[in-house]
Amino acid sequence: MSNGHSSCGILGLFLGFLTGVFWLLLSIFHVVTGFFTLINLGSLGAILNILIALIGFLVFIVFGLLIFKKVWRCYIKK
């Protein structure tokens, strides 16, 4: 086990960061709401749109901070 540090590589962190950005963009552009409106479940789409935006934002922040910490540690060591 690591001492509170991420054990995945920079590629895994970057993919997590991109996943957060992807979900956040889906929410911002109302793709989820549009899909559920298309199948006549518009109110469910609005609720899921908010949840996906929150989850995407949290993933974006967490993985962004992990990338920053990993790069900072590599920069300080040199």
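Because the structure is predicted, anything quoted here is derived from the model rather than measured. (Residues numbered from 1 in each chain as written. Predicted model: local features only at pLDDT ≥ 70, side-chain atom pairs only at ≥ 80, totals over all residues. Heavy atoms only, no water.)

Pulling in residues and values, what's your account of the packing of helix H2 (residues 31–38) against helix H3 (residues 42–77)?
Close contact between H2 and H3 brings their axes to 8 Å; oriented N to C, the two are set at 160 degrees. By the criterion of interaxial angle, the relationship of H2 to H3 is roughly antiparallel. Handedness of the H2/H3 crossing: right-handed. Across the interface between the two elements, Val 32, Thr 33, Phe 36 and Thr 37 from H2 touch Gly 42, Leu 44, Gly 45, Ala 46, Leu 48, Asn 49 and Ile 52 from H3. Here the residues of the contact of H2 with H3 are counted per class, giving six nonpolar, five polar and no charged. (Axes fitted to C-alpha atoms, helices over the stretch in contact; angles between N-to-C directions. Helix = DSSP H or I, 4+ residues; strand = E, 2+ residues; numbered from the N terminus. Parallel < 35°, antiparallel > 145°, perpendicular 65-115°, else oblique. Left-handed = near helix turned anticlockwise from the far one by under 90°. Contact = heavy atoms within 4.5 Å. Nonpolar A, V, L, I, M, F, W, Y, C, P; charged D, E, K, R; others polar.)

An account of the side chain of Thr 33 is needed here, citing residue identities and associated values.
Counting through the fold element by element, Thr 33 comes out in helix H2. A distance of 3.3 Å separates the side chain of Thr 33 from the side chain of Asn 49, its partner in a polar contact. For Thr 33, the residues in contact, after removing those within four places along its chain, are Gly 45, Ala 46 and Asn 49. (Polar contact = N/O pair within 3.5 Å; in protein donor to acceptor, adjacent residues only side chain to side chain.)

Please set out a nonpolar patch on the surface residue by residue, giving values where relevant.
On the surface, Ile 10, Leu 11, Phe 14, Leu 15, Leu 18 and Val 71 cluster together into a nonpolar patch covering about 550 Å² of accessible area. Counting residues per element, the nonpolar patch draws most heavily on helix H1 (residues 10–28), at five residues. Assignment of secondary structure puts Leu 11 in helix H1. (Patch = residues over 30% accessible without salt bridge, like charges linked within 9 Å, V, L, I, M, F, W, Y side chains within 5 Å. Areas by Shrake-Rupley, 256 points an atom, 1.4 Å probe, with all protein chains shown as cover. Salt bridge = Lys/Arg side-chain N within 4 Å of Asp/Glu carboxyl O.)

Explain the packing of aromatic side chains to me, using residue names and the numbers behind them.
Scanning all chains against the criterion turns up four aromatic pairs. Look at Phe 22 and Trp 23: their rings are 5.6 Å apart centre to centre, the planes differ by 70 degrees, and that puts the pair in the edge-to-face class. (Phe/Tyr/Trp six-rings, centres within 6.5 Å; stacked < 30°, edge-to-face > 60°.)

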